[in-house]
There are 2 protein chains.
Amino acid sequence: MLADVAAEAGVSATTASYILNGRADEMRIAPATVTKVQAAVADLGYRPNRSARSLRTRRTATVGLVSDQIAGEQYGSSMLTGASLAARELDHLVVMGESGGDPELERLLIEEMLERDVDGVVYATRTARTVHLPEGLRGVRSVLLNCEDPDERLPSVVPDDEGGGRAAVATLLAAGARDVWVVGEDPVPEATAGPRRMAGIRAELATHDLDVAGLVRCDWSVTEGFEATSRWLADGGRADGLVCMNDRLAMGVYQALAEHGLRVPDDVSVVSFDGSALAGWLRPVLTSVELPFTELGALAVRRLLDPDDHVGTDSVPMRVRPGGSVRPV
Amino acid sequence: MLADVAAEAGVSATTASYILNGRADEMRIAPATVTKVQAAVADLGYRPNRSARSLRTRRTATVGLVSDQIAGEQYGSSMLTGASLAARELDHLVVMGESGGDPELERLLIEEMLERDVDGVVYATRTARTVHLPEGLRGVRSVLLNCEDPDERLPSVVPDDEGGGRAAVATLLAAGARDVWVVGEDPVPEATAGPRRMAGIRAELATHDLDVAGLVRCDWSVTEGFEATSRWLADGGRADGLVCMNDRLAMGVYQALAEHGLRVPDDVSVVSFDGSALAGWLRPVLTSVELPFTELGALAVRRLLDPDDHVGTDSVPMRVRPGGSVRPV
DNA sequence: TGATGCGGCTGATTCGATTCAGCAGTGGTA
DNA sequence: TACCACTGCTGAATCGAATCAGCCGCATCA
């Protein structure tokens, strides 16, 4: 403990504490004393006791991360990677908990984190959406990750889905597509990804005096993507560009196109959203607008620990990950 | 704080503490007193300060989970879900850190966890393999998750890959397959999944006086699966049952089979390992032997916190998740 | 010569719980 | 009547750091 270090160095615990906390200059500790203490620290392999420190300072160098399901989510789990790395860079650790969507469990997790005096809480959701800040986080320093609360003035970190929508369409337009259909409709009312992407899609088309040629309605699963697209094709549906709302859906679209003898990208160009590993596994590789999950997680933690605490939403750009599903011009 | 509760209830902090720690009976506290204290707790919304408690007890009701990459891993991240849920059930929280495979970062993470007096550490790897216990964990209560250290006597939790191999083959044999090829070779020397699955595969075939008909060599990626299988087929390779070492690989195999006009399961039955979401997205749905990631994570935490600390490996069964890729008999 | 300032350090208190040792009061027993 | 056991509770020490207020000695200055 610190007292041992102090004894070994022949100074008081107070002095040792100042030195270890980088307050040597401020406290005008003689350089020789600093050296002695540092030697003692190295000598004894001193490791501070965080519980003791936290008891006094009320800070734990620990951030909480509560989510519904992000570890279970295929790609979204990278938010944890980002959060963990960013936390380390700022000398913090991440305490995580998953509620699985159960509000009672969520309450418990938040409660336990607050008992442990986390320095702040990141509240994350699997899918981009609006939420209500849980009661337990009222008054607690917190950042929303992949979600926003329109009723609260809070820092929030989300992907720029509208920009992503524009980028997706820009890719198709650049390849000469003019007859652009959108596949997929956001199934959840609170979800923000679908509407925002759609806004971007329309905005970009508008720059060429175009609009969405049509919408193939289905949820965002492989099966629905396959079935809805099959029906559409069977009804004579045709397009030169398809925007799929996510990669899984696009996989179903690929299957449907193949069954109807249409080739990607020769007969139709396809772009999608997610930039998941799946996009890279499809043949041809699916051009997809990437959800920057790692970056989102990292940014959320940085904003949480950032001393100048500005509220408002950070939209992280979504970049096109080029594949072979868009016909080269 | 506790003193407030005690004051409100008209007792000493000592008494209040005993009651809150469930030692009322042992300390012969009168039932009326217990009631008074509980009322005060509810009244004041008392929430214990864990740092203070930890300072005395040296326990934090917190477990560390260090891994190379499990959050970034598609399916493996469910280990975090399982760990988080099991921890909650045992009134603990999970402190997580990802090293990305960097030994220095790993050392730092472990160091930071120990400073925070975690009650134990789960050391997890993305892929099932053998490892050397990191120096920093020597003498620390720890459990290996998805890995084993042959040189140490430690509790360890891994999937039963050998049993999985047997189950995969049993499924094929039950469907009448006799000419069984294996696709995929484990690319990493320390990896345990491949050899164990192979052992199970051979063992089960042996019960029918059979052996593996042949091996299509490739690593476990979609592309390699596609290319190696294509070459094999082009060389006249045929089989009535294929065991793929994982689902991604199987996806490549599907692609190759399709290009050669072979239909699953009519021309060839396919089983695989992982039981990932991808298996469910393929057409036909891929029959796959599931890696029980959530259970693995949960079990690791339970063993870590289990008071009777037995060393040795727990192998969690891998179950077949039936799809449509095995021809019904 | 006495007041003032400053460099360099330390003693004592505090954070909020846990826990050991022990203390009144009561009733039973020899 | 003296002793003991038991019930029901409490005072004080303790965990390991952070931090405030202040102390001592020496140089400076009016």
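Look up a bit, the structure's there.
Residues numbered from 1 in each chain as written. Chains lettered and ligands numbered in written order. Predicted model: local features only at pLDDT ≥ 70, side-chain atom pairs only at ≥ 80, totals over all residues. Heavy atoms only, no water.

Draft legend 1. Representation of the protein's contact with DNA strand D within the structure. The local shell around DNA strand D holds 28 residues, among which Met-1, Leu-2 and Tyr-46 of chain A together with Ala-30 and Thr-33 of chain B are the closest. Sugar and phosphate atoms represent 57% of those atoms of DNA strand D found within 4 Å of the protein. With respect to DNA strand D, the side chain of Arg-23 of chain A contributes an N or O atom lying 3.4 Å from a phosphate oxygen. Between DNA strand D and the protein, one listed contact pairs a phosphate oxygen with a side-chain N or O atom of Thr-33 of chain B at 2.6 Å. Those elements that place two or more of their residues in the surface near DNA strand D are helix H2 (13–20) and helix H4 (50–57) of chain A together with helix H2 (13–20) and helix H4 (50–57) of chain B. Among the elements that take part in the surface near DNA strand D, H4 of chain A stands out by supplying five residues, more than any other. For the surface near DNA strand D, the residue count by class is 13 nonpolar, nine polar and six charged. (Near = heavy atom within 4 Å. Polar contact = N/O pair within 3.5 Å; in protein donor to acceptor, adjacent residues only side chain to side chain. Helix = DSSP H or I, 4+ residues; strand = E, 2+ residues; numbered from the N terminus. Nonpolar A, V, L, I, M, F, W, Y, C, P; charged D, E, K, R; others polar.)

Draft legend 2. Geometry of the side chain of Ser-84 of chain B. Within the secondary structure, Ser-84 of chain B sits in helix H5 (residues 78–89). On the basis of relative accessibility, which here comes to 3%, the residue Ser-84 of chain B falls in the buried class. (Buried < 20%, exposed > 50% of the residue type's maximum accessible area, 1.4 Å probe, protein only.)

Draft legend 3. Quick look at the relation of the copies chain B and chain A. Mapping chain B onto chain A calls for a rotation angle of 180° and an axial translation of 0.0 Å; the resulting RMSD is 0.1 Å. With respect to symmetry, the two chain copies, as superposed, fit the operation of a two-fold axis. Of the residues that chain B buries at the interface, 100% are likewise interface residues in chain A, meaning the two copies contact each other through the same surface. (Least-squares fit on C-alpha atoms with pLDDT ≥ 70 in both. Contact = heavy atoms within 4.5 Å.)

Draft legend 4. Expanded view of the layout of surface pockets. Its boundaries defined by the atoms lining it, the largest pocket holds a volume of some 1100 Å³. In this structure, the largest pocket is lined by 26 residues; those nearest its centre are Gln-255 and Ala-258 of chain A together with Tyr-254, Gln-255 and Ala-258 of chain B. For the lining of the largest pocket, the element with the most residues is helix H10 (residues 247–259) of chain B, which contributes six residues. Residue composition of the lining of the largest pocket, by class: 16 nonpolar, three polar and seven charged. The volume enclosed by the second largest pocket comes to roughly 850 Å³. The wall of the second largest pocket is formed by 28 residues, among which Pro-48, Asn-49, Arg-50, Ala-52 and Arg-53 of chain A lie closest to the centre. Counting residues per element, the ones that place at least two in the lining of the second largest pocket are helix H1 (2–9), H2 and H4 of chain A together with helix H6 (103–115) of chain B. A total of six residues in the lining of the second largest pocket trace back to one element, the largest contributor, which is H4 of chain A. (1 Å grid on protein atoms, 1.4 Å probe; cavity = no way out; pocket = protein on both sides within 12 Å on 5 of 7 lines; lining within 4 Å. Points joined across faces, edges and corners; volume = space filled by probe spheres on them.)

Draft legend 5. Molecular detail of the nonpolar core. One finds Leu-242 and Val-243 of chain A together with Leu-242 and Val-243 of chain B to be the most contacted residues of the largest nonpolar core, which totals 150 residues. Ignoring anything within four residues of it in the chain, the contact list for Val-243 of chain B reads Ala-168, Val-169, Leu-172, Val-180, Trp-181, Val-182, Val-183, Ile-201, Val-271 and Phe-273 of chain B. Within the second largest apolar cluster, 34 residues are counted, among which are Met-113 and Val-118 of chain A together with Val-66 and Ile-110 of chain B. (Core = buried A, V, L, I, M, F, W, Y, C linked by side-chain atoms within 4.5 Å.)

Draft legend 6. Region of the structure containing empty space enclosed by the protein. Within this structure, the stated rule accounts for one cavity of 30 Å³ or more. Of the volumes computed, that of the largest cavity is approximately 230 Å³. Every residue lining the largest cavity is counted, 14 residues in all, and those nearest its centre are Thr-60 and Arg-116 of chain A together with Thr-60, Thr-62 and Arg-116 of chain B. Of all the elements in the fold, those that place two or more residues in the lining of the largest cavity are H4 of chain A together with H4 of chain B.

Draft legend 7. Representation of the pattern of salt bridges within the structure. Applying the stated rule across the entire model yields 38 salt bridges over all chains. Here Arg-321 of chain A ties to Glu-290 of chain A by a salt bridge, and the two come within 3.1 Å at their closest N and O atoms. On the criterion of sequence distance, the pair formed by Arg-321 of chain A in strand E12 (residues 320–321) and Glu-290 of chain A in strand E10 (residues 287–290) is long-range, its members being 31 residues apart. Its relative accessible area of 33% is what places Arg-321 of chain A among the partly exposed residues. Under the relative-accessibility criterion, Glu-290 of chain A is labelled partly exposed at 27%. Here Glu-104 of chain B and Arg-107 of chain B are joined by a salt bridge, their closest N and O atoms 3.0 Å apart. A residue pair is termed a helical-turn pair when its members lie 3 or 4 positions apart in one helix, as Glu-104 of chain B and Arg-107 of chain B do in helix H6 at three residues. Since its relative accessible area comes to 41%, Glu-104 of chain B is described here as partly exposed. (Salt bridge = Lys/Arg side-chain N within 4 Å of Asp/Glu carboxyl O.)

Draft legend 8. How the structure looks around the environment of Thr-229 of chain A. Residue and element names in this part refer to chain A. Along the chain, Thr-229 falls in helix H9 (residues 222–234). Taking the relative accessible area as the measure of exposure, Thr-229 reaches 1% and is therefore buried. Between the C-alpha atoms of Thr-229 and Gln-255, which are 26 residues apart in sequence, the distance is 9.1 Å. Excluding its chain neighbours within four sequence positions, the residues that come into contact with Thr-229 are Val-183, Val-216, Glu-224, Val-253 and Ala-256.

Draft legend 9. Inspection of the interface of chain B and chain A at higher detail. Listed as interface residues are 53 residues of chain B and, on the opposing side, 53 residues of chain A. On the surface where chain B and chain A come into contact, there are ten salt bridges. Between Arg-88 of chain B and Glu-112 of chain A there is a salt bridge, with the nearest N and O atoms lying 2.4 Å from each other. At the junction of chain B and chain A, the tally comes to 20 residue pairs in polar contact (both at pLDDT 80 or more).

Draft legend 10. Spotlight on the protein's contact with DNA strand C. Not every one of the 27 residues close to DNA strand C is listed here, only the nearest: Thr-15 of chain A together with Met-1, Leu-2, Ser-17 and Arg-56 of chain B. Within the backbone of Ala-52 of chain B, one N or O atom sits 3.2 Å away from a base nitrogen of DNA strand C. For the surface near DNA strand C, the secondary-structure elements that each account for two or more residues are H2 and H4 of chain A together with H2 and H4 of chain B. The leading source of residues in the surface near DNA strand C is H4 of chain B, at five residues. Considering only residue class, the surface near DNA strand C consists of twelve nonpolar, nine polar and six charged.

Draft legend 11. How the structure looks around unusual backbone geometry. Residue Val-264 of chain A is joined to Pro-265 of chain A through a cis peptide bond whose omega torsion reads 5°. Along the chain, the position of Pro-265 of chain A falls in the loop between helix H10 (247–259) and strand E9 (269–274). That bond from Arg-283 of chain B to Pro-284 of chain B is cis: its omega, -5°, falls within 30 degrees of zero. Despite not being glycine, Asn-146 of chain A shows a phi value in the positive range, around 70°. Unlike most non-glycine residues, Asp-209 of chain A shows phi in positive territory, near 55°. Mapped onto the elements of the fold, Asp-209 of chain A is located in the loop between helix H8 (193–206) and strand E7 (214–216). Since its relative accessible area comes to 75%, Asp-209 of chain A is described here as exposed.

Draft legend 12. Focus on the sheet that holds strand E9 (residues 269–274) of chain B. Residue and element names in this part refer to chain B. On the basis of which strands lie adjacent, the open sheet formed by six strands has the order E7-E6-E8-E9-E10-E12 and mixed pairing. Edge positions in the sheet fall to strand E7 (214–216) and strand E12 (320–321), since each of these pairs with one other strand and no more. Its contacts with the sheet place helix H7 (residues 161–174) against strand E6 (180–183), strand E8 (241–244), E9, strand E10 (287–290) and E12, and it is angled at close to 160° to E9. The strands that helix H9 (residues 222–234) touches are E6, E7 and E8; relative to E7, the one it contacts most, it runs at about 130°. (Pairing = 2+ DSSP bridges. Axes fitted to C-alpha atoms, helices over the stretch in contact; angles between N-to-C directions.)

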